[in-house]
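The residues making up each chain are set out below.
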Amino acid sequence: MNHEEWTAAQSETTVTVDGHELSVAYYEGGPDDGSDADTLVFLHGVPTWSYLWRRIAPAFEDDYRVIAPDLVGYGNSDRRDGFDRSIRAQEAMLGALLDDLGETAVTLVAHDIGGGAALRFAASAPDRVNRLVASNVVCYDSWPVEFISGLGLPETAELDDEELEGKLDFAFAEGTYGEADPEFVAGMKAPWLRADGKRALARAAVATNTNHTTEIDYGAVDADVLCLWGGDDVLQPLEYGERLAEDLGGRVVELDEAYHWVVEDRPEGYREALAAFLAETGGSGGES
């Protein structure tokens, strides 16, 4: 599925975050038999959007309700000025979205700052998170990284189109392990190449705030936890996944030959490890 097909498949709803009514675009799939399937919610990070999960989320639609939102400020969700894009705000968006979709307790599968939001939500509402899969997530004091901080400078909004595309190619085309899939690179770049893209990217980058993960009460997380990690990531090193697993009572599965974009570098291995974890924990989970 290319990024245009993914966009066409998305639904949209409106949630309230910090008093702002914000539109949220999300991909959704699930069994056609009307069964009461468990729900998997896939959360992306910066500077991606839900299309990051193109090779993962659809593979689970036969057995689970699958929801993959664009974080506010990203992808096809609301990107106008005047609201917070931090992971604190993304946590609030997640709770409001789950309320809107009638979900009381779910499994969260998260990457990068989506993982920061997932950890905050799992700590503040432990009864609503049965299982948590953390993949190269931001946590503790592991972030922000220099590349993202640089995108938050005012100059980002002033870049010409060629300069912006060069920075995005660096992140995606050169950031994958081996030769990048052109469809992945084009899909990741597409939202930022729109007319409001430079400003939206700068707003997303400047909203990164390490305090929002250092203040988490990690001991409050009560979920079955898997740290499914790209082992060659220099942005969010494996040692943070190991620390998370130890603190949260989970375990680590390391996928080698994978940088930060682990779901793109090792999609088959990722699907297999995720499926095994879901099978092992079974039912609603939450018995950590």
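Please refer to the structure placed before this passage.
The sections below set out a description of the structure shown in this document. Remember, it's a predicted structure, so these values are computed and weren't measured experimentally.

1. Re the overall build of the protein
- The number of helices and strands found in the protein is 11 helices and eight strands.
- In terms of overall size, the protein behaves like a compact globule, its C-alpha atoms giving a radius of gyration of 17 Å where 288 residues would be expected to give roughly 19 Å.
- Considered along the principal axes of its C-alpha atoms, the protein spans approximately 50 × 40 × 35 Å.
- For the protein, with 288 residues in total, the buried portion stands at 58%.
- Considering only intrachain contacts with a sequence separation of at least 6, the fraction spanning at least 24 residues in the protein is 77%.
- Accessible area of the protein: about 11400 Å², with a carbon and sulfur share of 42%.
- The centroid of the 20 positive side-chain charges in the protein is displaced by 5 Å from the centroid of its 57 negative side-chain charges.

2. Quick word on helix α11 (residues 267-281)
- Between the first and last C-alpha of α11 there are 21 Å, a value that for 15 residues agrees with the 21 Å anticipated at 1.5 Å per step.
- Along α11, the positions that sit buried rather than exposed are P267, G269, Y270, A273, L274, F277 and L278. For α11, the angular spread of buried residues about the axis comes to 160°, placing them on one side. Opposite its buried face, α11 presents the exposed residues E268, E272, A279 and E280, each directed more than 90 degrees away.
- Residues of α11 that are buried in the fold lie against β3 (39-43), β5 (106-111), β6 (129-137), β7 (224-230), β8 (251-255) and α10 (262-265).
- After α11 finishes, the residue G282 shows a positive phi value of roughly 60°.

3. A look at the nonpolar core
- Counting residues in each nonpolar core, the largest one holds 98 residues, and the members touching the most others are F42, L108, L244, Y270 and L274.
- If we skip the residues at most four places from it in the chain, L274 touches F42, I56, F60, V109, V133 and L228.

4. Details of the layout of surface pockets
- Taken as a whole, the largest pocket holds about 410 Å³ of empty space.
- For the largest pocket, the lining is made up of 23 residues, of which A171, D233, L235, H260 and W261 are closest to its centre.
- For the lining of the largest pocket, the secondary-structure elements that each account for two or more residues are α3 (112-124), α4 (146-151) and α5 (161-172).
- Its residues placed into classes, the lining of the largest pocket shows 15 nonpolar, four polar and four charged.

5. Focus on the side chain of Q90
- Examined against the element boundaries, Q90 turns out to sit in helix α2 (residues 87-100).
- Ignoring anything within four residues of it in the chain, the contact list for Q90 reads L71, V72, Y74, R85 and A117.

6. Some remarks on the packing of aromatic side chains
- Summed over all chains, the structure comprises 12 aromatic pairs.
- A network of ring pairs unites the aromatic residues W6, Y27, W49 and Y51 as a single cluster.

7. A look at the sheet that holds β7
- With respect to topology, eight strands assemble into an open sheet ordered β1-β2-β4-β3-β5-β6-β7-β8, the strand pairing being mixed. Every other strand in the sheet has two partners, leaving β1 (11-17) and β8 as the edge strands with one partner each. The average undirected angle you get between the axes of adjacent strands in this sheet is 25°.
- Strands in contact with α2 are β1, β2 (20-29), β3, β4 (65-69) and β5; relative to β1, the strand with the most contacts, it is inclined by about 120°.
- Against the sheet, helix α9 (residues 238-248) makes contact with β6, β7 and β8, and its axis sits at roughly 175° relative to β7, the strand it touches most.

8. Quick notes on the pairing of β1
- The sheet contact formed by β1 and β2 spans seven bridges and is antiparallel. When the sheet's bridge partners are listed, T13 is paired in β2 with V24.

Conventions we followed
- Residues numbered from 1 in each chain as written.
- Predicted model: local features only at pLDDT ≥ 70, side-chain atom pairs only at ≥ 80, totals over all residues.
- Heavy atoms only, no water.
- Helix = DSSP H or I, 4+ residues; strand = E, 2+ residues; numbered from the N terminus.
- Rg over C-alpha atoms; globule rule 2.2 N^0.38 Å.
- Buried < 20%, exposed > 50% of the residue type's maximum accessible area, 1.4 Å probe, protein only.
- Contact = heavy atoms within 4.5 Å.
- Areas by Shrake-Rupley, 256 points an atom, 1.4 Å probe, with all protein chains shown as cover.
- Lys, Arg positive; Asp, Glu negative; His and termini not counted.
- Charge placed at Lys NZ, Arg CZ, Asp CG, Glu CD.
- Expected span 1.5 Å × (residues − 1).
- Arc of directions from axis to C-beta.
- Core = buried A, V, L, I, M, F, W, Y, C linked by side-chain atoms within 4.5 Å.
- 1 Å grid on protein atoms, 1.4 Å probe; cavity = no way out; pocket = protein on both sides within 12 Å on 5 of 7 lines; lining within 4 Å.
- Points joined across faces, edges and corners; volume = space filled by probe spheres on them.
- Nonpolar A, V, L, I, M, F, W, Y, C, P; charged D, E, K, R; others polar.
- Phe/Tyr/Trp six-rings, centres within 6.5 Å; stacked < 30°, edge-to-face > 60°.
- Pairing = 2+ DSSP bridges.
- Axes fitted to C-alpha atoms, helices over the stretch in contact; angles between N-to-C directions.

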